[in-house]
Amino acid sequence: MVDVPAYFDEVDGGYVPTPIAASQWSAAQVVGPALCGLMARELEREHATDGFVPVRLTVDMFSAARFEHTTTPMVRVRDGKRIRVADVAVMQGGKMAARASVVLLQPSEQPAGSLWHREFEPLPPALDIAPTTDLPQIPLFSSDAEPGYWSSVPTEHENTARKRTWQSPMRVITGEELSPFTRAALVGEATSMMTNWGDAGIGFINTDMTLALSRMPDGAQIGVEADSHLSERGMAVGVATLFDRRGAFGSCMVTSVSNAARQISSAQLDAVMTSRS
């Protein structure tokens, strides 16, 4: 049996982060994808019932989540025939570290007519570079500076060009496989890295994530391609497209705040990739 790493263990009616959940910003802080994945999992399990499908997840990460026992209380905000809305919170020691809201819809008939579409679809790496797998893998990165070249070495992509990544993410709960929605939430958080990564590393840390999906991803591997980065006076907005081998299926937006005093260099990211390999 393969020992598959995960971000959380289930303990005493809640969750405890595992060592692999440590953030690159601080070893005492839980990394963003872990929180996004945990809240997506909880919301889906409780509220994606009776044919409802999650289409939008908004996460607010306004306080550092620590390596403590964590609970996730939820409330259903609206329960209509076509639209359902629910909230969840990440609670540690009686304090809220993060929260999320999900919008779920009932699938229905596609309306008539043609619409504008993105001119160029994001392209995943070739199968000989990224073979199909259901297990967590070291992320691959690419940029427009060298189209078609993918590697897991961040310093090879330290430039001002558009960035993209291809990932088969970590599991959220030990011993539990990921659902497509939770997988999309985990990888979608990479929008922060893809839109805030320049030729001097990453100097912005995201405070939120809004993921919107037209369908669930196919397969275990998901890509994120940056669409835009806008920033001024230490505040940034980034938007990215999510894609799989079938094509684009969603978008993600993050707002970020400057963290220049603890800027992450690509060399630091190299060390993280090496340790996880």
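Criteria and thresholds
Residues numbered from 1 in each chain as written. Predicted model: local features only at pLDDT ≥ 70, side-chain atom pairs only at ≥ 80, totals over all residues. Heavy atoms only, no water. Pairing = 2+ DSSP bridges. Helix = DSSP H or I, 4+ residues; strand = E, 2+ residues; numbered from the N terminus. Axes fitted to C-alpha atoms, helices over the stretch in contact; angles between N-to-C directions. Buried < 20%, exposed > 50% of the residue type's maximum accessible area, 1.4 Å probe, protein only. Arc of directions from axis to C-beta. Contact = heavy atoms within 4.5 Å. Salt bridge = Lys/Arg side-chain N within 4 Å of Asp/Glu carboxyl O.

## Description of the sheet that holds strand β1 (residues 6-11)
On the basis of which strands lie adjacent, the open sheet formed by 3 strands has the order β2-β1-β9 and mixed pairing. Looking at strand neighbours, the two that pair on one side only are β2 (14-17) and β9 (171-173), the edges of this open sheet. Averaged over neighbouring strand pairs, the angle between their axes works out to 25 degrees when direction is ignored. Pairing of β1 with β2 involves 4 bridges; the strand directions are antiparallel. Within β2, the position partnered with Phe-8 by the bridge is Pro-17.

## So, helix α4 (residues 266-276)
Residues of α4 that are buried include every one of Ser-266, Leu-269, Asp-270, Val-272 and Met-273, and no others. When α4 is viewed along its axis, its buried side chains cluster within an angular range of 165 degrees and face the same direction. Seen from the buried face of α4, the exposed residues on the opposite side, beyond 90 degrees, are Thr-274 and Ser-275. Tucked into the core, α4 has its buried residues touching β7 (140-143), α3 (191-196), β10 (197-198) and β11 (201-202).

## A word on the pattern of salt bridges
Overall, the coordinates contain 16 salt bridges when judged by the stated rule. The closest approach of N and O atoms between Arg-41 and Glu-42, which form a salt bridge, is 2.5 Å. With respect to burial, Arg-41 and Glu-42 carry one shared label: buried. Residues joined in a network through salt bridges with shared partners are Arg-118, Asp-144, Arg-162, Arg-164, Glu-225 and Asp-227.

Honestly, it's all geometry; don't read function into it.
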